[in-house]
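Residue strings, one per chain:
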Amino acid sequence: MFVDGTGIEVSGRLFEHAARLYTGERGYWLHAVFVGGLWVSGRLRPGGDVACGWKGQLKRDVAPLLPKGVPAWVRCDAAYYRGAFVEHVRGEGWDLSISVTDPNKCRPVLDVVEGLPEHGWEDIGKGESATWVRYRPSKWKEEQSYVVVRLRSRRQGELLPRFSVILANRDDLPLAEVVRRHRGKQGHENAFKGPLVDLDLHHPPCRGYRANQAFYAYGQMAHLLLRAVQFRLLPKAARRHGIRPLVRHVMRSVARLVRSGRKRWLLFASCCFRRDWLLYAGMRLRIDSG
């Protein structure tokens, strides 16, 4: 599961409820939750806090979709490094990992490993080593587990190693596995960019705030339907493609039905390159309809 928010910039000052983003530009926040590659929750809100509204999304939009006992791993960026968020996710019985990138928030964790002897580090491959740290941030109720990753750079002129900090509650897993699972969120970040680019959702078309909220709600539903077509009606090889090829080769395919020699013919334009997908989808629909 991936929880994230992205700024939606608007041009002009006539967009209702647009506010200043962290970049200094005016716009909205689009908050989303992905389960795998599926966009299961999306909320458009005025600019302001990058992580606002997460509780309602997780409680009303996501939790009902995941049966109790089904393992889930929530991966987030530094914007969600908050005690209330961590407590809520753990209360749902989900695992989580969060990148900690703010130098002021990393410092207390890195102070713990300062001077740690070499045998205290575990090699996790690719020139990296890692260790566990226990620390309770100020005003948090419980002590948390952190993975500190150390990379000894081979770049000329870099004498000191670089560190990264990850909050993770699964300290029963090998360090390399925790780091691997958390870094899988990079694929989720690309999954978030996909619908925005492929469905042209970067630019809200309306000046009214409610109208723009409806625009993004329809965009999310379109993404869900396209994913359903991709996984239910197309061959498995089509699943490694994004949404854009699906729109171009399936949804926008044009054909003409003609009758000749007492037979009906479906004639496609020469630019239709994925007739195999269309044939497979037709056969699937015929099987499902009985």
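Up top is the structure.
The rules behind these values
Residues numbered from 1 in each chain as written. Predicted model: local features only at pLDDT ≥ 70, side-chain atom pairs only at ≥ 80, totals over all residues. Heavy atoms only, no water. Helix = DSSP H or I, 4+ residues; strand = E, 2+ residues; numbered from the N terminus. Rg over C-alpha atoms; globule rule 2.2 N^0.38 Å. Contact = heavy atoms within 4.5 Å. Axes fitted to C-alpha atoms, helices over the stretch in contact; angles between N-to-C directions. Parallel < 35°, antiparallel > 145°, perpendicular 65-115°, else oblique. Nonpolar A, V, L, I, M, F, W, Y, C, P; charged D, E, K, R; others polar. Phe/Tyr/Trp six-rings, centres within 6.5 Å; stacked < 30°, edge-to-face > 60°. Buried < 20%, exposed > 50% of the residue type's maximum accessible area, 1.4 Å probe, protein only. Lys NZ or Arg CZ within 6 Å of the ring centre and 35° of its normal. Salt bridge = Lys/Arg side-chain N within 4 Å of Asp/Glu carboxyl O.

## Considerations on the overall build of the protein
Okay, step 1: Of the regular secondary structure elements, the protein holds eight helices and 12 strands.
Okay, step 2: For the protein, the C-alpha radius of gyration of 24 Å lies well beyond 19 Å, the compact-globule estimate for 290 residues.
Okay, step 3: Projected onto the principal axes, the alpha-carbon positions of the protein cover approximately 85 × 45 × 45 Å.
Okay, step 4: Taking all contacts inside the protein whose residues are at least 6 apart in sequence as the whole, residues at least 24 apart take part in 51%.

## A look at the packing of helix 6 (residues 209-232) against helix 7 (residues 243-251)
Okay, step 1: As a packed pair, helix 6 and helix 7 sit with axes 11 Å apart at the nearest point and diverge in direction by 75°. When the axis of helix 6 is compared with that of helix 7, the two are roughly perpendicular. Side by side, helix 6 and helix 7 meet where H223, L226, R227, V229 and Q230 of the first sit next to I243, L246, V247 and M251 of the second.
Okay, step 2: Grouping the constituent residues of the contact of helix 6 with helix 7 by class yields six nonpolar, two polar and one charged.

## Some thoughts on the packing of aromatic side chains
Okay, step 1: Applying the stated rule across the entire model yields nine aromatic pairs.
Okay, step 2: Judged by centre distance (5.1 Å) and plane angle (45°), the ring pair of Y81 and W140 falls under tilted. Remark: W140 occurs in the loop between strand 8 (128-135) and strand 9 (144-151) and Y81 occurs in the loop between strand 5 (73-76) and helix 2 (83-91); sequence separation between them is 59 residues.
Okay, step 3: You can call Y81 buried: its relative accessible area is 8%.
Okay, step 4: Under the relative-accessibility criterion, W140 is labelled buried at 11%.
Okay, step 5: Judged by centre distance (5.0 Å) and plane angle (85°), the rings of F215 and Y216 are edge-to-face.
Okay, step 6: For R150, the ring lying beneath its charged end belongs to W121, and the centroid distance is 4.5 Å.

## Observations concerning the side chain of D95
Okay, step 1: Tracing the backbone through its elements, the reader meets D95 in strand 6 (residues 95-100).
Okay, step 2: In contact with D95, not counting residues within four places along its chain, are A72, W73, V74, V89, N169 and R170.

## Quick word on the pattern of salt bridges
Pairing between side chains of opposite charge can happen when their charged atoms approach one another.
Okay, step 1: What the rule picks out here adds up to 16 salt bridges.
Okay, step 2: Salt-bridge contacts for R183 lead to E128; the nearest nitrogen and oxygen are separated by 3.0 Å. Of this pair, R183 sits in helix 4 (residues 175-183) while E128 is found in strand 8, placing the two residues 55 residues apart along the sequence.
Okay, step 3: Judged by its relative accessible area of 33%, R183 falls in the partly exposed class.

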